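As a plain string of letters, each chain reads:
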Amino acid sequence: MRIMSRLVGLLAGAALLAHAVPVAAQAEYPARPITLIVPFAAGGPTDIVARIVADHMSKTLGQQLVIENVVGAGGTTASTRAMRATNDGYTIIMGHMGTHAASVALYPKLAYHPSKDFETIGLAAGTPILIVARKDFPAKDLKDFVSYVKANADKMNMAHAGVGSVSFTTCLLLNSLMGVKPTAIPFQGTGPALNALVGGQVDYMCDQIVNLVPQIKAGNIKAYAIGTPERNPALPDVPTSKEAGLPAFHAVAWNALFAPKGTPKPVLDKLTAALDKALDDEATRKRLFDLGSDIPGKDRRGQEALSKLVTSEIDKWSPIIKASGITQ
Ligand code: ASP
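On a predicted model such as this, the values are computed, not experimentally measured, just so you know.

What counts and what doesn't
Residues numbered from 1 in each chain as written. Predicted model: local features only at pLDDT ≥ 70, side-chain atom pairs only at ≥ 80, totals over all residues. Heavy atoms only, no water. Helix = DSSP H or I, 4+ residues; strand = E, 2+ residues; numbered from the N terminus. Rg over C-alpha atoms; globule rule 2.2 N^0.38 Å. Buried < 20%, exposed > 50% of the residue type's maximum accessible area, 1.4 Å probe, protein only. Contact = heavy atoms within 4.5 Å. Axes fitted to C-alpha atoms, helices over the stretch in contact; angles between N-to-C directions. Parallel < 35°, antiparallel > 145°, perpendicular 65-115°, else oblique. Left-handed = near helix turned anticlockwise from the far one by under 90°. Nonpolar A, V, L, I, M, F, W, Y, C, P; charged D, E, K, R; others polar. Near = heavy atom within 4 Å. Polar contact = N/O pair within 3.5 Å; in protein donor to acceptor, adjacent residues only side chain to side chain. Areas by Shrake-Rupley, 256 points an atom, 1.4 Å probe, with all protein chains shown as cover. pLDDT = per-residue confidence, 0-100. Salt bridge = Lys/Arg side-chain N within 4 Å of Asp/Glu carboxyl O. Pairing = 2+ DSSP bridges. Right-handed = clockwise from strand over helix to strand, strands pointing away.

1. Quick notes on the overall build of the protein chain
Thought 1: Within the protein chain one finds eleven helices and nine strands.
Thought 2: A compact globule built from 328 residues would reach a C-alpha radius of gyration of about 20 Å, and the protein chain, at 22 Å, matches this within 12%.
Thought 3: Summarising its shape, the C-alpha atoms of the protein chain cover approximately 95 × 40 × 30 Å along the three principal directions.
Thought 4: Relative to its full complement of 328 residues, the protein chain shows a buried share of 53%.
Thought 5: By sequence separation, contacts in the protein chain at least 24 residues apart represent 78% of the contacts at least 6 residues apart.

Below you can see the structure in the form of structure tokens.
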């Protein structure tokens with residue numbers, strides 16, 4: 001009997017301990033650096049947004065967020081890796097409208113489902129899309145651009161960051177509006193794609209604003225339109241697609257943080273709070289704003305708002321992609 005009750009006591013103690021360990025471990029999260037996967041090459045828009053918010057989040061969390069650029073398959077290689085990572089909060093990903101929405105329709109056999117296989121942390125930035133071309137592109141405005149591309153479609157090289165990327169998907173929309181199928185040249189991100197555009201090796205692309213502002217201001221590339229209803233304060237001279245005569249080109253992307261499914265809620269909450277604090281910080285806001293980002297207000301921040309955004313973006317882009325007939 002004594003042995004039995006000691007055994008029961010031991011078992012109860014072990015059960016208590018098993019509970020106590022993860023709680024204690026969570027309480028001290030993060031105890032080491034956090035890997036933040038960027039699914040495209042360094043220097044591109046996702047990398048830029050990731051580095052800006054990570055700088056401030058690292059201060060709040062007391063641990064470095066270490067950026068790891070994992071390229072390939074329009075961001076879906078990295079997203080698959082993030083989905084399979086240990087769900088302890090030490091691996092997270094800066095996803096976007098491509099990896100966590102458009103990819104669903106582009107890849108019928110995608111290894112992950114953005115809303116089922118990830119936990120949401122929060123929206124980091126809205127990133128309007130611009131139609132840009134090499135600086136000597138022979139078109140003075142968007143109407144000219146459309147006529148020129150239509151007349152020379154077989155000679156046009158359009159840069160993009162892989163099937164599944166924002167640049168691919170939004171130019172899919174643009175090309176379908178123009179009724180053209182140019183040669184699509186893939187890069188590992190729009191950082192390297194922009195270098196090719198500045199160098200005149202490709203003709204045009206559609207890209208997130210944060211990558212483009214310095215090059216447009218320096219006159220190294222031409223901007224024909226922005227896919228938002230309003231002009232952007234960072235580029236006040238660039239007309240909206242509506243003003244420029246192509247109102248159906250409505251294209252706004254976004255970058256957001258995700259964690260693998262099953263990441264503990266207290267860990268997610270710490271990450272969400274750190275992102276929120278970064279988006280409230282004046283210096284961080286200025287860096288994002290100067291590059292043309294739309295900084296989410298409180299109502300668009302957090303886990304729930306991002307879950308809703310992912311669902312609505314999958315619903316928005318899937319019919320556009322299906323109508324184009326392009327799947328992998
Ligand atoms: N945003 C990606 C990048 O950072 C490219 C893309 O989605 O088009 O390069």
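2. Structural notes on the packing of helix α2 (residues 45-61) against helix α9 (residues 265-280)
Thought 1: Remark: α2 packs on α9, axes separated minimally by 8 Å, with the N-to-C direction vectors making an angle of 120 degrees. Classified by the angle between their axes, α2 and α9 sit oblique to one another. Helix-helix and strand crossings are classified by hand; for α2 and α9 the assignment is right-handed. Contacts from Val53, His56, Met57, Thr60 and Leu61 of α2 reach α9 at Lys270, Leu271, Ala274, Leu275, Lys277, Ala278 and Leu279.
Thought 2: Across the contact of α2 with α9, the residue classes tally to eight nonpolar, two polar and two charged.

3. Here we look at the pairing of strand β7 (residues 204-208)
Thought 1: Buried residues dominate β7, accounting for five of its five residues.
Thought 2: By the alternation rule, side chains of β7 split into Tyr204, Cys206 and Gln208 and Met205 and Asp207, which are all buried.

4. Structural notes on the site of the ligand
Thought 1: The environment of the ligand is formed by Phe40, Gly44, Pro45, Thr46, His96, Ala161, Ser165, Val166, Ser167, Gly189, Thr190 and Gln208.
Thought 2: The backbone of Pro45 places a nitrogen or oxygen atom 3.4 Å from an oxygen atom of the ligand.
Thought 3: In the model, an oxygen atom of the ligand is placed 3.0 Å from a nitrogen or oxygen of the Thr46 main chain.
Thought 4: With the chains in place, 100% of the 270 Å² that the ligand exposes on its own is no longer accessible.
Thought 5: Elements supplying a minimum of two residues to the shell around the ligand: α2 and α6 (166-178).
Thought 6: Looking at the shell around the ligand, its residues break down into four nonpolar, eight polar and no charged.

5. Some details on the confidence of the model for the protein chain
Thought 1: Here the protein chain averages 92 in pLDDT, and 91% of its residues register 70 or above.
Thought 2: Segment residues 1-5 is flagged for pLDDT under 50; beyond a separation of four residues in sequence, or across chains, it makes zero contacts in the model.
Thought 3: Confidence drops under a pLDDT of 50 for residues 7-21, and excluding neighbours within four residues, the segment shows zero contacts in the predicted structure.

6. Section: the pattern of salt bridges
Thought 1: According to the stated counting rule, one finds 18 salt bridges in the structure shown.
Thought 2: Between Arg287 and Asp55 there is a salt bridge, and its shortest N-O distance comes to 2.9 Å. Of the two residues, Arg287 is situated in helix α10 (residues 282-290) and Asp55 in helix α2; the sequence distance between them amounts to 232 residues.
Thought 3: Judged by relative accessible area, which is 39%, Arg287 ranks as partly exposed.
Thought 4: Overall, Asp55 belongs to the partly exposed group, its relative accessible area being 40%.
Thought 5: Here Lys140 ties to Asp141 by a salt bridge, and the two come within 3.9 Å at their closest N and O atoms.
Thought 6: Accessibility expressed as a relative area gives 69% for Lys140, which makes it exposed.
Thought 7: Using a relative accessible area of 32% as the deciding quantity, one classes Asp141 as partly exposed.
Thought 8: One continuous salt-bridge network, built from bridges that share partners, spans Asp276, Asp280, Lys298 and Arg301.

7. Notes on the pairing of strand β5 (residues 157-160)
Thought 1: The pairing of β5 with strand β6 (residues 183-186) spans four bridges and is classified as parallel. Along β6, the bridge assignment pairs Asn157 with Thr183.
Thought 2: Handedness of the crossover joining β5 and β6 through α6 is recorded here as right-handed.

8. Concerning the environment of Ala234
Thought 1: Mapped onto the elements, Ala234 comes out in the loop between β8 (221-226) and β9 (252-260).
Thought 2: Its relative accessible area of 9% is what places Ala234 among the buried residues.
Thought 3: In sequence terms Ala234 and Gly292 are 58 residues apart; their C-alpha atoms lie 5.0 Å from each other.
Thought 4: Once residues within four sequence positions are removed from consideration, Ala234 is found in contact with Val213, Lys217, Phe289, Asp290, Leu291 and Gly292.

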